[in-house]
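One-letter residues, chain by chain:
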Amino acid sequence: MATAEKQKSDVILQYLRPRKKFPSVWCAGCGNGVVMSALIRAIDRLGLSRDEVAMVSGIGCTSRMPVYMDFNSLHTAHGRALAFATGVKFARPNMKVIVVTGDGDALAIGGNHFIHACRRNIDITAILINNNIYGMTGGQGSPTTPPNAFSTTTPYGNAEKPFDPCSLAKAAGATYVARATVFHAPQLEKMIMEAIDHHGFSLVEAVSNCHTYFGRLNRQGDAVAMLKSFKDNAVMLAKAKTMTEEELKGKIVVGTLYNETKTEFCDEYQKLIDAQMGGKK
Amino acid sequence: MANKKRKLMQGNLACVHGAIYAGLRFYAGYPITPSTEVAEGCARELPKIGGKFIQMEDEIASIAAVIGASVSGAKAMTATSGPGYSLMSELIGYAYITETPSVIVNVQRGGPSTGLPTKVSQSDTMQARWGTHGDYTAIAVAPSSVADTFAETVRAFNLAERFRTPVTILMDEVIGHMREMIAMPEPGELPVFDRVKPRVSPDKFVPFELTPNFVSPMPAYGEGYRYNVTGLTHDVMGFSTNRADEIFVKLDKLKNKIENYKNEIAKLRVEMMDDAEIAFVSYGTVARTALQAASIARKAGAKIGAIQLCTIWPFPDEQIVQLCARCRKVIVAELNMGQIVNEVRRVLPRDIQIHALQRYDGEILTPMQLLEKLEEVL
Amino acid sequence: MTDTGRVGESTGKPAGKSKIDYSKGPAPLNINLQWCKACNICIALCPTQVFEPNRDGKPVIARANDCIQCAICWQHCPDFAITSNYK
């Protein structure tokens, strides 16, 4: 259902929740807004109707996104977005269910739901905005905080190793996995389109800047400085395939990392229903 | 009239059939003794009628999926036991504040913690009222037989839909696993209630509007009403708020919508109370024991009656006061260390003696034990 | 010969880097100063330095004729505060 029509630059404004006050609560320069912009453009380009989209989130800065958009918004509890989304999608398979989540929400408390949603290959699109920190609660470490990085709960440096959300998703069974950064806004939009269009579990990891906490605690500068570092450290997938592990240290591999078609959960279950009902309605 | 279908059925399965009768079309759950048969029954029965069953990765995911499905418009249920109910607590609170109709079955077993997976207790009674944090008003029902389980499950769904709230069905290991003959009601025999849908156009829709009965109409997904559902305390539009006046309105609404209709939600079974001077008060499994003990005692000349609480929460204050008005003594019998007895003490006047008979060793109270207690207090 | 790129001076063709003669129509971009939080992203990312920060750090169009409608500013604005009058 992708439309090739030219979008107007003010398309975002048409999708903002009526009667909600703007600007958003996010910090000045927060990548969440860039992702929201890309998300809305993607939905518009796909020609989806607002009523068919359910936007589900957990808790965190990123999870504040659904309230700002004019879709069926479901702001749930910390870590549980994918479980709620599974209920919505399974009960209403004709809807497009999009989950907006963060690194802590999806991979710490939500880790179990994350791997099972991937495993089921249920037709949900998860947009994981990874800012390597818990922003909403004031800058604690998250499962993607890099080794030795500082946070309020790793004041002497992080002694743990991080997840790679994309590898985790692929290993658990996701069939579309892509990564971009908020610097790469046009690519992000395209990936989100592909992810939503993809029939199966899709993950788009959007590497983003929390300059307020991660940036400040790790001397990464302001929003502009962090975006510039995303630009400098990003490596396109094709190039990354020619690089060694050593060369890729500290780099962000950007691109569609995995894209396969496999049987989807709701479809498989519908077959069971059809068999049990024996063709009678 | 044609013979109703009579079947020998397990309590857990009667819950499944009652739920389907009430319109259940979505079940998400996780196996846990002694509730597992509810999940297995739904796994078998739901696809036959185009319904959906999913075994989620844990109990938290289960209740999340149930709420998600219900918000989207389906009647949804999960079943568990004590440990699972504890896990679900946070999201049961989410269902309270978002006013999402849902049914949670707790087939109680011995606790705390892993406790006694295969033995009975009624020790989650208070948890059904206070399990999750915060201020809210709860509805919980407790069947006492297989046939009662069917009917109370239908009633639980109706209450959930009517009051836009989670409803807990407090079963226990004995009721869940016992088998009795049940005559399945015909369609139309028992009332089935659906949530009220909005009648205004989407642009005029106020998702959590304050109505005269405090229940806001609830649309399904895809009907043109797009609104925000959040666990944050919110205003009538569903937007989170920090304003004292809006917070008060929301929380007060959660209280009033149920408290104001306590008497309609209350349900008790009353036997031999007309001239009773002593009453047994009980619920669930113990209610049958109490009825048996009361019958025996009556034959021996004691003026004793039996009150069964079918609705546990909201606690039926007025009904208990009225029924026990002419009693001198009340014996509250429970399979726990004393939970409902405190409610009875709270509502009855000081001059009525209240005695507690408690058993918390994983076994059921016997009629003999109730009679011994009766002798003791006489 | 290059024009100094002053807006409003009609030379019959656009000066600066733009292909559009902005002096003949609306400004290249529309900035919502109520929504703008002065994050500086648009100012810093603009490839032709169209913006200058005002006293509040919010962008004003200083070199309209350099605007090539590349979309970087409105695609990266986290507060949807920039839209184009041409796209």
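Here, the structure is the one placed above.
In this text, all values refer to a predicted model and were calculated from it rather than measured experimentally.

**Q** Help me understand the interface of chain A and chain B, please; the structure alone is not making it clear to me.
**A** Size of an interface: often given as the accessible area lost when the parts come together. Of the residues lining the interface, 34 residues belong to chain A; the matching set on chain B comes to 34 residues. Taken together, the elements giving at least two residues each to the side of chain A that touches chain B come down to β2 (72–75), α3 (81–91), α5 (111–120) and α11 (265–277) of chain A. No other element matches the eight residues that α3 of chain A contributes to the side of chain A that touches chain B. Split into classes, the residues belonging to the side of chain A that touches chain B amount to 16 nonpolar, 10 polar and eight charged. Direction of pairing for β2 of chain A relative to strand β9 (residues 228–230) of chain B: parallel, over a ladder of three bridges. When the sheet's bridge partners are listed, histidine 75 of chain A is paired in β9 of chain B with threonine 230 of chain B.

**Q** Please explain the sheet that holds strand β1 (residues 53–57) of chain A as it appears in this structure.
**A** Sheet strands pair by backbone hydrogen bonding; their relative direction is either parallel or antiparallel. Across the sheet, which stays open at both edges, the nine strands sit in the order β7(A)-β8(A)-β5(A)-β6(A)-β4(A)-β3(A)-β1(A)-β2(A)-β9(B) with mixed pairing between neighbours. On the outer flanks of this sheet lie β7 (234–236) of chain A together with β9 of chain B, each paired with one strand and no other. Neighbour to neighbour, the strand axes of the sheet diverge by 20 degrees on average, direction disregarded. Relative to strand β8 (residues 252–259) of chain A, β7 of chain A runs parallel, the two being bridged by three bridges. Of the residues in β8 of chain A, the one forming a bridge with methionine 236 of chain A is valine 254 of chain A. Against the sheet, helix α7 (residues 185–197) of chain A engages β3 (96–102), β4 (124–130), β5 (176–181), β6 (202–207) and β8 of chain A, with an angle of about 165 degrees to β5 of chain A.

**Q** I'm lost on the sheet that holds strand β15 (residues 353–358) of chain B in this one. Help?
**A** Residue and element names in this part refer to chain B. Pairing in this open sheet of five strands is mixed, and the strands run β10-β12-β11-β14-β15 from one edge to the other. Each having just a single partner strand, β10 (268–271) and β15 make up the two edges of the open sheet. Strand-to-strand twist of the sheet, defined as the mean angle between neighbouring strand axes without regard to direction, takes the value 20 degrees. The sheet contact formed by β10 and strand β12 (residues 304–309) spans four bridges and is antiparallel.

**Q** Whenever I open this one, the interface of chain A and chain C confuses me. Can you help?
**A** Tallying the contact residues gives 22 residues for chain A and 17 residues for chain C. For the side of chain A that touches chain C, the elements supplying multiple residues, two or more each, are α1 (11–14), α2 (31–46), α7 and α9 (223–233) of chain A. Residue contributions to the side of chain A that touches chain C peak at five residues, all from α2 of chain A. By residue class, the composition of the side of chain A that touches chain C is 13 nonpolar, seven polar and two charged.

Reading guide: rules and limits
Residues numbered from 1 in each chain as written. Chains lettered and ligands numbered in written order. Predicted model: local features only at pLDDT ≥ 70, side-chain atom pairs only at ≥ 80, totals over all residues. Contact = placed C-beta atoms within 7 Å. Helix = DSSP H or I, 4+ residues; strand = E, 2+ residues; numbered from the N terminus. Nonpolar A, V, L, I, M, F, W, Y, C, P; charged D, E, K, R; others polar. Pairing = 2+ DSSP bridges. Axes fitted to C-alpha atoms, helices over the stretch in contact; angles between N-to-C directions.

None of this, on its own, says anything about what the molecule does.
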